[in-house]
Amino acid sequence: MRFWNYKSEQFYDLYVKIYDSNFPLEKKKVILKALFSGEYCLLRITSISKLCYEEYKKNNFKKVTKFKRANKKFLRYQFISFTETLTELLEKKVPIKDFWKMIDENEKTHLITRGEKDKGEYSYINIPIEGGYFLNKTVSFEYSKKEELYLKYISNQRIRWKKMKLETAKKDPETD
């Protein structure tokens, strides 16, 4: 069982110790980045673009196992970098519920193609957080049978694509 939504008090306790330490701000950021490296709560893919979806569909929703050009096309577009989140967390000590809330809100990420990023706009659909799909790994994101089955499932439904312009990236895309 994957504990993809597990929010440990131990992470918070380490955050408090680092916050209260005499380390300079930049050193605190480096330590916290290392601590959170590969954790599921970071770079949490909350949406997938239409072109990414179409690329997976071309491959019958299978994981691309060989090094192909398609792998280079996908990227996780993060609206607020983890460095910005750390700056917010280190400005003032936050209580545990606000700590996890801030991480959850700031780590929303869309799976898009490089072409869509260059173009500056794309269509997307939201992915339910409850499913624990496309989880963060130390390198890239997970794509297993679970993600394959989810994409196959939504392919049998009418998909309502939403539009996103990257100039408005600082706004919350989930509420547009």
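Here, the structure is the one placed above.
Definitions and limits used
By convention here, each chain's residues receive numbers from 1 onward along its written sequence. Reporting in this predicted model follows two pLDDT cut-offs: at least 70 for local features of residues, and 80 or more for side-chain atom pairs to be given and counted; totals over whole chains, interfaces and linings ignore these cut-offs and use all residues. In computing side-chain properties, one takes all heavy atoms of the structure into account and sets aside hydrogens as well as water. In this text, buried Ala, Val, Leu, Ile, Met, Phe, Trp, Tyr and Cys residues form a nonpolar core when linked through side-chain atoms within 4.5 Å. Exposure categories follow from relative accessible area, calculated using a 1.4 Å probe and restricted to protein chains: below 20% of the type maximum is buried, above 50% is exposed, and the middle band is partly exposed. For the purposes of this entry, the term helix denotes a DSSP run of H or I that reaches at least four residues, the term strand denotes a run of E that reaches at least two, and both are numbered from the N terminus. Any two residues having at least one pair of non-hydrogen atoms within 4.5 Å are treated as being in contact. In this description, strands pair whenever DSSP reports at least two bridges between them. Only the six-membered ring of Trp is used, alongside the rings of Phe and Tyr, when aromatic pairs are assigned; centres must lie within 6.5 Å, and planes under 30 degrees apart are stacked while those over 60 apart are edge-to-face, with the rest tilted. We count a charge as sitting over a ring when the NZ of a lysine or the CZ of an arginine lies within 6 Å of the ring centre and within 35 degrees of the ring normal. For the purposes of these results, a polar contact is taken to be a pair of N or O atoms within 3.5 Å, where, inside protein, one atom must be able to donate a hydrogen and its partner to accept one; residues adjacent in sequence count only when each atom of the pair is a side-chain atom. A fitted line through C-alpha atoms serves as each axis, taken over the contacting stretch for helices, and the angle formed by two N-to-C directions is quoted from 0 to 180°. The arc in question is the one spanned by the directions pointing from the helix axis to the C-beta atoms. Salt bridge, as used here, is a side-chain nitrogen of Lys or Arg placed within 4 Å of a carboxyl oxygen of Asp or Glu. By definition in this entry, angles of less than 35 degrees are roughly parallel, angles greater than 145 are roughly antiparallel, angles of 65 to 115 are roughly perpendicular, and the rest are oblique. Two helices crossing with the near one rotated counterclockwise from the far one by less than a right angle form a left-handed crossing, whereas a clockwise rotation gives a right-handed crossing. Gly is put with the polar residues, along with every residue not named as nonpolar or charged; the nonpolar set is Ala, Val, Leu, Ile, Met, Phe, Trp, Tyr, Cys and Pro, and the charged set is Asp, Glu, Lys and Arg.

### Details of the nonpolar core
The biggest cluster of nonpolar side chains holds 19 residues, and the ones touching the most others in it are Tyr 15, Phe 36, Leu 89, Phe 99, Trp 100 and Ile 103. Elements supplying a minimum of two residues to this core: α1 (9-20), α2 (25-36), α5 (82-91) and α6 (96-106). In terms of residue count, α1 provides more of this core than any other element does, six residues in total. The residues touching Ile 103, leaving out its near neighbours within four places in the chain, are Phe 36, Cys 41, Leu 42, Thr 85 and Leu 89. If you look at the next biggest cluster of nonpolar residues, it comprises 17 residues, including Tyr 53, Phe 61, Tyr 143 and Leu 151.

### Let's talk about the pairing of strand β4 (residues 121-126)
As paired elements, strand β1 (residues 44-49) and β4 share three bridges and run antiparallel to each other. From the neighbouring strand, Ser 47 faces β4, where its bridge partner is Asn 126. Both β4 and strand β5 (residues 162-165) contribute to a ladder of four bridges, which runs antiparallel. Residue pairing for β5: Tyr 122 is matched across the bridge by Met 164.

### Focus on the packing of aromatic side chains
Per the counting criterion, the structure on display carries 19 aromatic pairs. The rings of Phe 11, Tyr 12, Tyr 15, Tyr 19, Phe 36, Phe 82, Phe 99 and Trp 100 are connected pair by pair, giving a single aromatic cluster. In this structure, Lys 28 is placed above the aromatic ring of Tyr 19, and the distance from its NZ or CZ to the ring centre is 5.6 Å.

### Considerations on the side chain of His 110
Inspection of the secondary structure puts His 110 in strand β3 (residues 108-113). At 3.3 Å, the side chain of His 110 forms a polar contact with the side chain of Ser 47.

### Looking at the environment of Ser 49
Counting through the fold element by element, Ser 49 comes out in strand β1. Measuring from C-alpha to C-alpha, the distance between Ser 49 and Trp 161 comes to 8.5 Å, with 112 residues separating the pair along the chain. Not counting residues within four places of it along the chain, the set of residues in contact with Ser 49 comprises Leu 111, Ile 112, Thr 113, Glu 116, Tyr 122, Ser 123, Tyr 124 and Trp 161. Separated by 3.2 Å, the side chain of Ser 49 and the backbone nitrogen of Cys 52 make a polar contact.

### Regarding the sheet that holds strand β2 (residues 74-78)
Reading across from one edge, β2-β3-β1-β4-β5 is the order of the five strands in this open sheet, with mixed pairing throughout. Both outer strands of the open sheet, β2 and β5, are each paired with one neighbouring strand and no more. In this sheet, neighbouring strand axes are inclined to one another by 45° on average, regardless of whether the strands run parallel or antiparallel.

### A few points about α6
Among all positions in α6, only Phe 99, Trp 100, Met 102, Ile 103 and Asn 106 are buried. Around the axis of α6, the buried residues are gathered within 155° of arc, so they sit on the same side. The secondary structure elements touched by the buried residues of α6 are α1, α2, β2, α5 and β3.

### A word on the pattern of salt bridges
With the rule as written, the count across this model stands at seven salt bridges. Of the charged contacts, one joins Asp 20 and Lys 93 as a salt bridge, the two residues approaching to 3.0 Å between their closest N and O atoms. With Asp 20 in helix α1 and Lys 93 in the loop between α5 and α6, the pair connects residues that are 73 residues apart, well separated along the chain. Note on Asp 20: relative accessible area 46%, which makes it partly exposed. Glu 148 is the salt-bridge partner of Lys 145, the closest N and O atoms lying 3.5 Å from each other.

### Points about the packing of α2 against α5
Viewed as axis vectors pointing N to C, α2 and α5 meet at an angle of 120°, and their least axial separation amounts to 10 Å. With respect to α5, the axis of α2 lies oblique. As α2 packs across α5, the resulting crossing turns out to be right-handed. Here α2 contributes Leu 25, Lys 28, Lys 29, Leu 32, Lys 33 and Phe 36 to the contact with α5, which in turn contributes Phe 82, Thr 83, Leu 86, Thr 87 and Leu 90. Residues that form the contact of α2 with α5 fall into these classes: six nonpolar, two polar and three charged.

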